[in-house]
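Observations on the three-dimensional arrangement
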Amino acid sequence: MLRNEAVEAKRQAEPRRRASRAAPWLAAAGIAALVALPVIGQQSDTQPAVPPSETDTVAPRSLLPDSFDAPPAVVAPAPDLLPGDATVVTDAPAPDPLLPALLPAAPQQADPFAMTAPTGRDITVFGPLTTAGGGYGLATFTGSRGAFLSSLAYRMQAPIASRWAAITLRRALLSESAAPWGIVPGDWVAARAWLLMRMGEIDGAKALTDMVPVDRYSPNLYRVSAQVSLAAADINGLCPIAGTGRLLSRDPLWQLAVGMCAAVQGDDITAARLFDALRADDKIVEPFDVRLGERVATIAGGAGRATNIDWNEAPALTPYRYGVATAAGVQVPADKLAGLGPARFGWLVRAPGVAADVRLAALRPAAVLGTVSAAELASGIAALSPGDADADTPGGRLRTAFAGASMTDRRNALKAIWASGGLDDRYGALLESATAAARLPISADSAADSGDIVAALVAAGMTDAARRWWPIADKADAKVRAAAWAVLAPVGAAPATASAFDSWRSDSGADDRRAAMMLAGLAGIGIARGGEWDGLRADLLPRAANSWTRGIDAAAAAGRTGEVALLAATGLQGGWADVPPLHLYHIVAALVRVGRGDEARLIVAEAMTRA
């Protein structure tokens, strides 16, 4: 039995309740990536590895004016000087055991330069999402190599094609779990937060970084945490780490952060001194960025230093400019937001400082990314739309779909929502209509629309509600029945036999690629195997193997759930048109093998809706 959308909304809220601050949104450079077969080497039959060139990561460029795309450098832990020997070596003479102690020993004075042990909670087992909240358990990444997983995380071309694969990956990254072997725990948290941020899941990224005690930070985590705070437009999030970050890096962000945080903490003199020094040398930081920082200082209480912000002086929108401007209440021009990439939608919808019309326009794309549930999408449209919205507006159409005067009005409103997205946004339109479609009485009067109703419900994860529509869709005309079968068969809500597959292929007019995608999904689930399916598989899904397929198969065989989720995402980079049927088969089969069958079935249904 698959979980419904309400459970999914609770799971999305779980890490946000654990974050120390509400996290808003935003900014990553757009990454349009065509899928290439991921190249993943094999260290052994069960331990996938990557060549040295793929495990090397590149340090991020300056946040002023860099984008989010460059991964932080992976800092190797310092080796033990004397492995296996914890004896402290000093230059004091050893006491003579034959001479009695005539005088009491002099008290030893503390070394002011000695490094103290961290006092914050251990982060070896870490994550805000428990199994009760939908997490995948303490062993999610057990058995995997940390360097390999962090390399995948940093090189991922996010966002990925599949909404449900993104949801699966998000749950894995947020799960309370043990760090994989061979990586500093702080660096592993940094890799997880980095990928979540670029997927549009800024709340999850902020939940991770906020939970880490400052004395457990690694240099990589300082860099990533700063970028997460800027994406969330959370200046206060920079303050606990600004001082140490300034010592670790020459990036001018840290000087600006120290100045802004000094003002926030009431130290106007220090803030003014730092901003004056930065303004005096425009080779360090552009004057526009100094003025943005001063705007924050003015809001915090430093009077008389704010100037007007002219966006014509800033041709590029950087993470710093977005985050500081949004935190300071300075509206970023809508035409500049596109430069932040598609993941911006997940951040914008949660930024209360962003204009309502911008957030409203971002809701549907954010739902497609998987960062907003169908229920949140509907409630967000209602909250951000004017109370007197016209019938032909998002708010008006949704209101009629929920509470129209007649069933005909409600069905027409649903059809208007589906038509409003066009071909490129059809999946988002289905998600927008899902909660209203779930309230529609099951009736033969709606048979002609049952294919779209079922697609909307399954897209939102409401498989139980979708299942109840099959008797209606089964008696509809051939094309409607075929459309409903394509999304219900993968989730076990319609009979899936070879003859039913042939009927679907004929009635829907599916070409060979679409038929191969459907067959790949059913085979991965475990349905299309043996007997009458063999001929179809030989024609549409010939066997092939490469380093990626061997890697994900090995991870699944070893039960490495988190590694499977990451490798599945690498096979879904780009758009659905770029995903080979062979990738879908191995992704679905691997997820089923590690116990994530519900998510696997929803990915297949999504493929048949979007591919």
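Our subject is the structure listed above.
As a starting point, this report considers the structure included with it.

Turning next to the overall build of the protein chain. Of the regular secondary structure elements, the protein chain holds 30 helices and four strands. Buried residues in the protein chain amount to 56% of all 611 residues. Long-range contacts, defined here as pairs at least 24 residues apart, represent 70% of the contacts in the protein chain between residues at least 6 apart. Entry remark: accessible area of the protein chain is about 25500 Å², with carbon and sulfur atoms responsible for 55%.

Here we come to the nonpolar core. Counting 192 residues, the largest nonpolar core has Trp485, Leu488, Phe501 and Trp504 as its most contacted members. Among residues more than four places away in sequence, those in contact with Phe501 are Trp485, Ala515, Met518, Leu519, Leu522, Trp533, Leu536 and Leu540.

Here we come to the state of the cysteines. Scanning all chains against the criterion turns up one disulfide. Between the sulfur atoms of Cys239 and its disulfide partner Cys261 the distance amounts to 2.2 Å. When the S-S torsion is -95°, as for the bridge of Cys239 with Cys261, the disulfide is left-handed. Highlighted residues: Cys239 in helix α8 (residues 239-248) and Cys261 in helix α9 (residues 252-264), separated in sequence by 22 residues. Residue Cys239 shares its accessibility class with Cys261, and that shared class is buried.

A few words on the packing of helix α10 (residues 268-280) against helix α11 (residues 287-299). The interhelical angle for the contact between α10 and α11, taken along N-to-C directions, is 165°, at an axis separation of 10 Å. One way to sum up the angle between α10 and α11 is to call them roughly antiparallel. Our pair here, α10 against α11, has a crossing hand that is left-handed. Touching Phe275, Leu278 and Arg279 of α10 are Val290, Gly293, Glu294 and Ala297, all from α11.

We now examine the environment of Gly492. With respect to the secondary-structure elements, Gly492 resides in the loop between α23 (478-488) and α24 (498-508). Exposure remark for Gly492: the relative accessible area of 42% places this residue in the partly exposed category. For the pair Gly492 and Ile527, spaced 35 residues apart in sequence, the C-alpha to C-alpha distance is 9.8 Å. Dropping the residues within four chain positions of it, Gly492 is found in contact with Arg467 and Arg601.

Here the focus is the environment of Tyr217. With respect to the secondary-structure elements, Tyr217 resides in the loop between α6 (202-211) and α7 (219-231). Residue classification places Tyr217 among the buried residues on the basis of a relative accessible area of 14%. Between the alpha carbons of Tyr217 and Asp187 there is a distance of 8.2 Å; along the sequence they are 30 residues apart. Tyr217 has contacts with Thr209, Val212, Tyr222, Ser225 and Ile241, leaving out every residue within four places of it along the chain.

Turning our attention to helix α15 (residues 356-369). Think of an α-helix as 3.6 residues a turn; residues three or four steps apart then line up on the same face. The first and last C-alpha atoms of α15 sit 20 Å apart over 14 residues, in line with the 20 Å expected at 1.5 Å per residue. At Leu363, α15 shows its maximal kink, close to 35°; a proline, Pro365, follows between one and four residues later. Among all positions in α15, only Val358, Arg359, Ala362, Leu363, Arg364, Ala366, Ala367, Val368 and Leu369 are buried. Looking one or two residues past α15, Gly370 carries a phi angle of roughly 100°, positive in sign.

Thresholds applied
Along every chain, residues carry numbers that run from 1 in the direction the sequence is written. Under the rules for a predicted model, residues below a pLDDT of 70 receive no local features and side-chain atom pairs below 80 are neither given nor counted, while totals for whole chains, interfaces and linings still include all residues. The basis for every side-chain value is the complete set of non-hydrogen atoms in the structure, without hydrogens or water. Numbering goes from the N terminus for both helices and strands, where a helix is a DSSP run of H or I of at least four residues and a strand is a run of E of at least two. For the exposure calls, accessible area comes from a 1.4 Å probe over protein chains only, and a residue counts as buried if that area is under 20% of its type's maximum, exposed if over 50%, partly exposed in between. In what follows, a contact means two residues having at least one pair of non-hydrogen atoms within 4.5 Å. Only the protein chains shown count as cover for residues, and all accessible areas are computed by the Shrake-Rupley method using a 1.4 Å probe. Nonpolar cores are built from buried Ala, Val, Leu, Ile, Met, Phe, Trp, Tyr and Cys residues. Side-chain atoms within 4.5 Å join them into one set. By definition, disulfides here are pairs of cysteine sulfur atoms that lie within 2.5 Å. Axis geometry follows a simple rule: fit a line to the C-alpha atoms, using only the stretch in contact for helices, then measure angles between N-to-C directions, giving values from 0 to 180 degrees. Convention used here: angles under 35 degrees read as roughly parallel, angles over 145 as roughly antiparallel, angles from 65 to 115 as roughly perpendicular, and any remaining angle as oblique. For a crossing to be left-handed, the near helix must be turned anticlockwise from the far one by less than a right angle; the clockwise case is right-handed. Under the convention used throughout, the expected extent of a helix is 1.5 Å for every residue step, that is, one less than its residue count. Note on bend: at a given residue it equals the angle between the axes fitted to the 7 residues ending there and to the 7 starting there.

Interpretation in functional terms is not warranted from these geometric data alone.
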